[in-house]
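# Descriptive analysis of the structure
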Amino acid sequence: MDKTRRTLSLFNTLTRRVEPVVPVVADQISLYTCGPTVYNYAHIGNLRTFLFQDLLKRTFQATGYGVRHCMNITDVEDKIIRDSQTALPADATNEVRHGAMKALTDRFTAIFLEDLAALRVQPADLLPRATAYVPQMIRLIQDLEARGLAYVREGSVYYRIAGLPQYGCLAHLDREGMQAGASVDADEYERDSVTDFVLWKATKAGEPWWDSPWGQGRPGWHIECSAMGLELLGERVDIHSGGVDLIFPHHENEIAQSEGCLGHRWVNHWVHGEFLMVEGQKMAKSLGNFFTLRDLVDKGVDPIALRYAIQSNHYRKVLNFSFEGLRAAENSLKRIRAFRTRIEGEGQAGGGPWAEGSNPADRLDQAREAFWAAMADDLNTPEALAALFTLISDLNAQDDHVALTREERDAVLAFLDETDRIFAAWPHETASLDAEVEALIEARRAAKAARNWAEADRVRDQLKALGIIPEDRKDGTVGWRRG
Ligand SMILES: [Zn+2]
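In this report, we go over the structure that sits alongside the text. Here the structure is a predicted model, which means the values were calculated and not measured.

Quick look at the sheet that holds strand β12 (residues 276-278) now. Spatial ordering of the open sheet is given by β13-β12-β14, a layout of three strands whose pairing is mixed. Each edge of the open sheet is held by one strand with a lone partner, namely β13 (281-282) and β14 (319-321). Pairing of β12 with β14, which is carried by three bridges, proceeds in the parallel orientation. Considered in β14, the bridge of valine 278 is made with phenylalanine 321.

Spelled out as structure tokens, the structure:
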């Protein structure tokens, strides 16, 4: 893979420039991505973000870096509490309230992981649930208090933004306009109401709570990611990513919390994926253009065509999702796969004749160089794929009268494998099946852990359809064999 080993550059929201990623530890990328808030099905706008992060991660892996990827699961938050507690009687105990919250979030965590598996998004190495890190959150808030960056008001704790000179550095906020001393309790708010934000929320009637030095309460959303990120990836992180909607307030507040404690830069590269529109409009349930992956699958859409339709567009451009675009994606995939099938049958004849300077090896070298140069330049997938299609056109144009030598054929197939390590859409048969099976096994494990038997059975049937039998082993792990 020496030829593809190169420095990758990414647009850094902190500096508003495309900058080379220089990892803190040579050849190792630490990557934190904000995971889902698990109270509902992910819509395709959410899934765009996770597909962008998969592209980011796989590009580093395909160019020879090790990636340690942490993605949190937000399983306590305003909307989760709203949706999980309404059916409970007013006198429900705290234990019952926690149980109801866990039932909801376990269910949607399993569904989320199943969606990712269908889209061939690699599972994160670390998948922490926020509720398992409440002691770390409390310690972090105490630390901020000790540094004069947090204060208590009526049992809640707030971050004092005036105490941190760099507050606003990510969202490029105007410090003049900030309302020091005012405070906001909601997890999400607009950038024209920049105020002190909540770290710990005093409990309200009808909510699950934890004990804390400030009385019964629960963490705010922003402190969750700082606590998990610091605990699992440490004090210096290479890349932190999410959708553009997380720049403010979520990521701005994460910086305030983590750097307020550390006293130095926490994350070097902040990377954000753009929004998705549907047929030129903002996606909204009221407009009837709101889709989950399941909605699309019910309409006969192949998840891998959706994967390609999203990833073939530049992650920093607003993507206009359309059914026409999906059909175009399906056609592009057909073209690449048909090329692969044809090339796999090549190599019997002697090769040539090719004009001097335009033999398959040269064309392959050019395509390869152009592909990796484009990917290294802020993940420019439209240009990278254009290089791949140029190669396909060139070699297809020689169709009937020229065959590739065995070496040429193998080199072209190796290039297809290389590019598929990123796009995961034109795999060699066995390799693709193994990855799909692993992802489904993980989804089934999560469904069983959530005691969601219907979901677990559904995944088992999917595995069965692939001719795979999962094996539950005595040590608690799950293996599989071909049936
Ligand atoms: Zn987050």
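With that settled, the discussion passes to empty space enclosed by the protein. The full count for this structure, using the stated rule, is four cavities of 30 Å³ or more. Around the largest cavity sit Thr33, Phe50, Gln53, Asp54, Lys57, His69, Met71, Leu116, Val121, Gln122 and Ala124, which together line it. The set of elements that each furnish at least two residues to the lining of the largest cavity consists of α1 (44-62) and β4 (66-71). Looking at which element gives the most residues to the lining of the largest cavity, the answer is α1, with four residues. Residues of the lining of the largest cavity, tallied by class, amount to five nonpolar, four polar and two charged.

The side chains of a regular strand alternate, first on one face of the sheet and then on the other. With seven of eight residues buried, strand β8 (residues 195-202) lies mostly within the body of the structure. Across two bridges, strand β6 (residues 156-159) lies against β8 in antiparallel orientation. Paired with tyrosine 158 across the bridge in β8 is valine 198. Across three bridges, the pairing between β8 and strand β9 (residues 217-219) is antiparallel. Looking across to β9, one finds that alanine 202 is bridged to glycine 217.

Tetrahedral metal sites with four donors have an ideal angle of 109.5 degrees; octahedral sites with six donors have ideal angles of 90 or 180 degrees. Every protein donor of the zinc ion is accounted for by Cys34 (SG), Cys225 (SG) and His250 (NE2), and the metal-donor separations fall at 2.0 to 2.2 Å. All donors to the zinc ion come from one chain, and their sequence spacing reads C-x190-C-x24-H. Here histidine 250 lies in helix α6 (residues 247-262) and cysteine 34 lies in the loop between β3 (28-33) and α1, a separation of 216 residues in the sequence. Grouping residues by exposure puts cysteine 34 and histidine 250 together as buried.

At the junction of phenylalanine 248 and proline 249, the peptide bond is cis and its omega measures out at 0° in the coordinates. Looking at the secondary structure, you find proline 249 in helix α6. Phi is positive for arginine 16, close to 60°, though the residue is something other than glycine. As for its placement among the helices and strands, arginine 16 is situated in the loop between β1 (9-12) and β2 (17-20). We note that arginine 120 has phi near 55°; this positive angle belongs to a residue other than glycine. Examined against the element boundaries, arginine 120 turns out to sit in the loop between α3 (94-118) and α4 (134-146).

Procedures and definitions
Chains are numbered independently. Their residues run from 1 in the order of the written sequence. Two thresholds apply to this predicted model, a pLDDT of at least 70 for residue-level local features and 80 or more for giving and counting side-chain atom pairs, whereas whole-chain, interface and lining totals are computed over all residues. Each side-chain value is derived from all of the structure's non-hydrogen atoms; neither hydrogens nor water enter the calculation. A pair of strands is treated as paired once DSSP finds two or more bridges between them. Per the convention used, a helix needs a DSSP run of H or I reaching at least four residues, while a strand needs a run of E reaching at least two, with both numbered from the N terminus. Definitions used throughout: a 1 Å grid over protein atoms alone; a cavity as a set of points that fits a 1.4 Å probe which cannot get out; a pocket as an open set with protein on both sides within 12 Å along at least five of seven lines; a lining residue as one with an atom within 4 Å of a point. Grid points are joined across faces, edges and corners, and a volume is the space filled by probe spheres set on the points. Each residue is assigned to one of three groups, with Ala, Val, Leu, Ile, Met, Phe, Trp, Tyr, Cys and Pro labelled nonpolar, Asp, Glu, Lys and Arg labelled charged, and all others, Gly among them, labelled polar. Per-residue accessibility, obtained with a 1.4 Å probe over protein chains only, is compared with the maximum for each type, and a residue is labelled buried under 20%, exposed over 50%, and partly exposed between these values. A 2.8 Å cut-off from the metal defines N, O and S donors, relaxed to 3.2 Å for Na, K and Ca; water is not in the atom list, so some sites may appear incomplete.

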